[in-house]
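Coordinate inspection notes
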Amino acid sequence: MNFAYPAVFKASGRKFAFALMGILLAASAMAADAPRVKFDTSLGSFTVELNPEKAPKSVANFLKYVSDKQYDNTIFHRVIPGFMAQGGGFSKDMQEKSTRAPIELESKNGLRNVTGSIAMARTSDPNSATSQFFINFVDNKMLDYPSPDGFGYAVFGKVIDGMDVINKMATIPTGSTNGMGDVPRTPIVVNSARLVTEK
């Protein structure tokens with residue numbers, strides 16, 4: 001027996017299909033608009049995809065530093081296996097680089113400090129992030145808002161290629177240099193960081 005659907009159900013089905021298509025197209029457009037930055041380092045290359053929808057201020061700030069070539073010839077100056085690798089603030093000779101004014105914290109954006117995520121580094125002042133960032137080696141739930149100090153750390157993207165390079169960072173022996181701990185004995189140098197124009 002053939003069963004004919006009432007016209008109202010056919011119309012509803014068409015509306016649902018169009019709505020679903022719209023959602024998929026919007027999601028595709030957002031993914032296409034997500035900026036990507038490729039880091040060339042002394043250990044190899046890795047690429048991060050940024051999330052301007054969830055972290056607009058952090059992403060704009062980071063991209064401005066990339067555009068200014070702030071990260072060229074810097075180092076990952078703090079590396080803690082089982083935790084994270086921090087960079088963006090010191091030259092190869094361990095001189096701290098000048099920065100622009102700090103930005104407002106965006107830790108309530110729903111993005112989590114999971115393995116491979118990139119977040120803004122800051123001091124005890126929640127609104128103190130400038131150019132420094134860190135990449136999580138593991139899931140660091142204790143850095144998500146409101147932990148660990150009532151403010152959390154703002155994630156603004158994730159590593160989408162070259163996670164093996166990130167993991168390699170954790171194998172480099174560290175020590176103290178110029179009064180700073182957890183500094184890689186063999187410098188992990190960022191040769192360049194560039195916006196990727198082709199997906």
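Everything below is about the structure shown above.
Residues numbered from 1 in each chain as written. Predicted model: local features only at pLDDT ≥ 70, side-chain atom pairs only at ≥ 80, totals over all residues. Heavy atoms only, no water.

**Some remarks on the packing of aromatic side chains**
What the rule picks out here adds up to twelve aromatic pairs. Between the aromatic rings of F39 and Y71, the centroid separation amounts to 6.4 Å while the plane-to-plane angle is 40°, which identifies the pairing as tilted. One end of the pair, F39, is in strand β1 (residues 36-41); the other, Y71, is in the loop between α2 (56-67) and β3 (74-80), with 32 residues separating them in the sequence. Accessibility expressed as a relative area gives 0% for F39, which makes it buried. When the centroid spacing of 5.7 Å and the interplanar angle of 55° are considered together, the rings of F39 and F133 count as tilted. With F39 in strand β1 and F133 in strand β6 (residues 133-136), the pair connects residues that are 94 residues apart, well separated along the chain. Here the two residues F39 and F133 agree in accessibility, since each one is buried. Taken together, the ring pairs connect F39, F46, F62, Y65, Y71, F76, F133 and F156 into an aromatic cluster. The ring of Y65 is capped by R100, whose NZ or CZ atom sits 3.8 Å from the centre of that ring. The positively charged end of R122 is found above the aromatic ring belonging to Y153, 4.1 Å away from the centroid. (Phe/Tyr/Trp six-rings, centres within 6.5 Å; stacked < 30°, edge-to-face > 60°. Helix = DSSP H or I, 4+ residues; strand = E, 2+ residues; numbered from the N terminus. Buried < 20%, exposed > 50% of the residue type's maximum accessible area, 1.4 Å probe, protein only. Lys NZ or Arg CZ within 6 Å of the ring centre and 35° of its normal.)

Keep in mind these values describe shape, not function.
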